[in-house]
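# Reading the structure
What follows is the residue order along each chain.
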Amino acid sequence: MNAALIETEGLTRHFEGHGYALSGVSLRLEAGATLGLIGRNGAGKTTLIRTLLGLSIPDAGSVKLFGEDARTLSTAAKQRIGYVPQQSGLPGGYTVAGMLDMYRGWQPKWDQAYAIALMERLQLVSNQRIGDLSVGQQQALALVLALAHRPDLLILDEPVAALDPIARRTVAAILAEQQAETGMSMLFSTHILSDLERLATHVALLDHGSLRFVREVDALKDDIELWRLPAGVAVKNVPDFPGLLRRISEPAPAVLVDLAQGASREALESQLSGALQVQKLTLEDFVVESLK
Amino acid sequence: MPGRFHFNPQAPDPIYRQLMAQVRRLIASGQLAEGDELPSVRAIAAAHAVNAMTVSKAYAMLEAEGVLQRNRGAAMTVAAAGQQSAEPQALIAPAIAQLVEQARQLRLTPEQVLEAVAAQFNTKNSSQGEAE
């Protein structure tokens, strides 16, 4: 059996005076899957990503990448990873071409023709100084540097935050192509849910350092529903039932349910003796409801 | 050809089901006929910036339903049975189910709903007639 690309157990990280940045985070990323990591600012997304990469040391818990302990990762395993940090941190004095040359020296599987094709699609010019690039262009360059060796696992921290909508779509298309061609897996954090819904097979919600859920995007959309209660029924009068996630009183009395956990509309309708009005939820609606 | 499809990632319907519905609609409307080739998974993924696994899943489910046929080393094609399974009545059934549900909640009778549907048809017909 192939090892999961990422496997964490009980990751915990405590910052003096700031509480827990991570609290018991256990997750797996299987080959071919793409996980979108969402959560409010300060929820722990960047700390989690940095901990996965061994850039931040957890107080407790473990990280395995390709089945190896992340703290003592082999060079061969490191070369299977691409990483785009939130701030590119690239040296401003170098040119785009100079940076490409440097990475080419580090990565045995570097594909220069592919790097140049990506640069052109992202409208990067090889003799430009990195210091003269906009934040968005620097992010685009960081993406080229992370992709040109065709990694098996790409980790991106807010990859498109500084990009305009056109560049964002180009980046999404590049990532989708790479997924289709090589079966590359990804883990990325984002606030932009439409990107997540295009590219991710799974979504994880991080809240105050804890994982609230990890689910398949398709299943989430198929299985989560909002049922508005019949007129005159107060939400506190709804009995507990399998698949009930939450009772909602504002703006209108309703229940949030999970069909996969056995929520039955017929059963509740007969208990309440009235018809429920079914509303499908978008991922954004569900995330907002989950964080209330 | 991949440009025929349109995806709204933020719709409540998952992307694989949006693709399945669009393939069925293209067949029902005669824009895709038996034996016609579908774009490759890679072409759709790249053109629309969607995950290839999502596209594969939609194709696999349409294949399981007999709508599409997988051909070794070549493009997926519309199956013979695909044409029949994409009956227009079957395609409009979900919208009708939704209409009936809302009508029940509003306590409308079937007669009232049928009357309103017929009236809507007439306004649509007459406005199309004027346009021609």
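Residues numbered from 1 in each chain as written. Chains lettered and ligands numbered in written order. Predicted model: local features only at pLDDT ≥ 70, side-chain atom pairs only at ≥ 80, totals over all residues. Heavy atoms only, no water.

Quick look at the overall build of chain B now. Scanning chain B from terminus to terminus reveals six helices and two strands. Each helix and strand of chain B, placed in order from N terminus to C terminus, yields the pattern α-α-α-β-β-α-α-α. For chain B, buried positions account for 30% of its 132 residues. Residue pairs at least 24 apart in sequence account for 55% of intrachain contacts in chain B once pairs closer than 6 positions are excluded. As displayed, chain B has an accessible area near 8,000 Å², and 55% of this comes from carbon and sulfur atoms. (Helix = DSSP H or I, 4+ residues; strand = E, 2+ residues; numbered from the N terminus. Buried < 20%, exposed > 50% of the residue type's maximum accessible area, 1.4 Å probe, protein only. Contact = heavy atoms within 4.5 Å. Areas by Shrake-Rupley, 256 points an atom, 1.4 Å probe, with all protein chains shown as cover.)

Of regular secondary structure, chain A possesses 10 helices and 14 strands. Principal-axis analysis of the C-alpha atoms gives chain A an extent of 70 × 40 × 40 Å. Sorting the 292 residues of chain A into buried and exposed places 51% on the buried side. Nonlocal contacts in chain A, meaning residues at least 24 apart in sequence, comprise 68% of its contacts between residues at least 6 apart. Placing the 27 positive and 33 negative side-chain charges of chain A at their respective mean positions leaves the two points 2 Å apart. (Lys, Arg positive; Asp, Glu negative; His and termini not counted. Charge placed at Lys NZ, Arg CZ, Asp CG, Glu CD.)

So, about the pairing of strand β13 (residues 254-258) of chain A. Residues and elements named next belong to chain A. By the criterion of burial, β13 is predominantly enclosed, with five of the five residues buried. The alternating pattern of β13 places A254, L256 and D258 on one face and V255 and V257 on the opposite face, and all of these are buried. Where strand β12 (residues 244-248) and β13 come together, four bridges link them in antiparallel fashion. Pairing of I248 across the sheet is with A254, part of β13. (Pairing = 2+ DSSP bridges.)

What follows deals with the interface of chain A and chain B. Listed by partner, the interface residues are 29 residues for chain A and 22 residues for chain B. Both sides together, the interface formed by chain A and chain B hides about 2,000 Å², and carbon and sulfur atoms give 49% of it. In terms of surface lost to chain B, no three residues of chain A exceed R198, D218 and K221 of chain A, which account for 28% of the buried area on that side. Here chain A and chain B share six salt bridges between them. (Buried area = accessible area lost by both parts, 1.4 Å probe. Salt bridge = Lys/Arg side-chain N within 4 Å of Asp/Glu carboxyl O.)

Here we take up the packing of aromatic side chains. Within the structure shown, the criterion is met by five aromatic pairs over all chains. Ring geometry for Y103 of chain A versus W110 of chain A: centroids 6.4 Å apart, planes at 50 degrees, classification tilted. A cation over an aromatic ring shows up here: R150 of chain A above the ring of Y114 of chain A, its NZ or CZ 3.7 Å from the ring centre. Stacked on the ring of Y16 of chain B, the Lys or Arg K57 of chain B has its end atom at 4.3 Å from the ring centre. (Phe/Tyr/Trp six-rings, centres within 6.5 Å; stacked < 30°, edge-to-face > 60°. Lys NZ or Arg CZ within 6 Å of the ring centre and 35° of its normal.)

Attention now goes to the sheet that holds strand β14 (residues 277-280) of chain A. Residues and elements named next belong to chain A. Taken in spatial order, the four strands make up an open sheet running β12-β13-β11-β14, and their pairing is antiparallel. The open sheet has two edge strands with one neighbour each: β12 and β14. With strand direction ignored, the average angle separating the axes of adjacent strands in the sheet is 25 degrees. Two strands pair when backbone bridges link them, and strand β11 (residues 224-228) and β13 are joined in this way by five bridges, in the antiparallel orientation. Considered in β13, the bridge of I224 is made with D258. Lying over the sheet, helix α10 (residues 283-291) contacts β11, β12 and β13, oriented at roughly 75 degrees with respect to β12. (Axes fitted to C-alpha atoms, helices over the stretch in contact; angles between N-to-C directions.)

A separate point is the packing of helix α3 (residues 96-106) of chain A against helix α5 (residues 135-147) of chain A. All names here are of chain A. Relative orientation of the contacting elements α3 and α5 amounts to 25 degrees, with a least axis distance of 10 Å. Looking at the two axes, α3 sits roughly parallel to α5. The two elements α3 and α5 meet at a crossing, and its hand is right-handed. Packed against α3, whose contacting residues are V96, M99, L100 and Y103, the element α5 presents L141, V144 and L145 at the interface. (Parallel < 35°, antiparallel > 145°, perpendicular 65-115°, else oblique. Left-handed = near helix turned anticlockwise from the far one by under 90°.)

For the rest of this paragraph, the subject is the nonpolar core. All names here are of chain A. Membership of the largest hydrophobic core comes to 57 residues, with the highest contact counts inside it found for L100, L141, L147, L175 and L196. In terms of residue count, α5 provides more of this core than any other element does, eight residues in total. Core analysis: the next-biggest nonpolar cluster, separate from the first, contains 27 residues, L5, V25, L153 and L187 among them. (Core = buried A, V, L, I, M, F, W, Y, C linked by side-chain atoms within 4.5 Å.)

Residues and elements named next belong to chain A. Scanning the entire structure with this criterion turns up 28 salt bridges over all chains. With its nearest N and O atoms 3.0 Å apart, the salt bridge here joins K292 to E289. On the accessibility criterion, K292 (61% relative accessible area) is exposed. The exposure class assigned to E289 is buried, which follows from its relative accessible area of 13%.

This part covers the sheet that holds strand β4 (residues 60-65) of chain A. All names here are of chain A. One open sheet accounts for four strands, arranged β2-β1-β4-β5; its pairing is antiparallel. Where the open sheet ends on each side, the last strands, each with one partner, are β2 (19-29) and β5 (68-69). Two elements, β4 and β5, share two bridges in a ladder whose sense is antiparallel. Following the sheet pairing, L65 is matched in β5 by E68.

Now for helix α1 (residues 45-52) of chain A. Residue and element names in this part refer to chain A. For α1, the tally of buried residues reaches six of eight residues, placing the bulk of the element in the interior. Every buried residue belonging to α1 is among K45, T47, L48, I49, T51 and L52, and all of these are buried. Positive phi shows up at G54, right after α1, with a value of about 75 degrees.

All right, on to the confidence of the model for chain B then. Residue and element names in this part refer to chain B. A residue-level look at chain B finds 86% of positions with pLDDT of 70 or above and a mean pLDDT of 85. For chain B, helix α4 (residues 80-85) is the element with the lowest average pLDDT, namely 70, and helix α3 (residues 52-64) is the one with the highest, namely 94. Across the interfaces of the predicted complex, the ipTM metric reaches 0.83, alongside a pTM of 0.84. (pLDDT = per-residue confidence, 0-100.)

Residues and elements named next belong to chain A. Relative to each other, helix α4 (residues 112-121) and helix α6 (residues 165-182) sit at 150 degrees, their axes nearing to 10 Å. Considered as vectors, α4 and α6 are oriented roughly antiparallel to each other. α6 is crossed by α4, and the crossing has right-handed handedness. Two secondary-structure elements touch here, α4 through Y114, L118 and R121 and α6 through T170, A173, I174, E177 and Q178.

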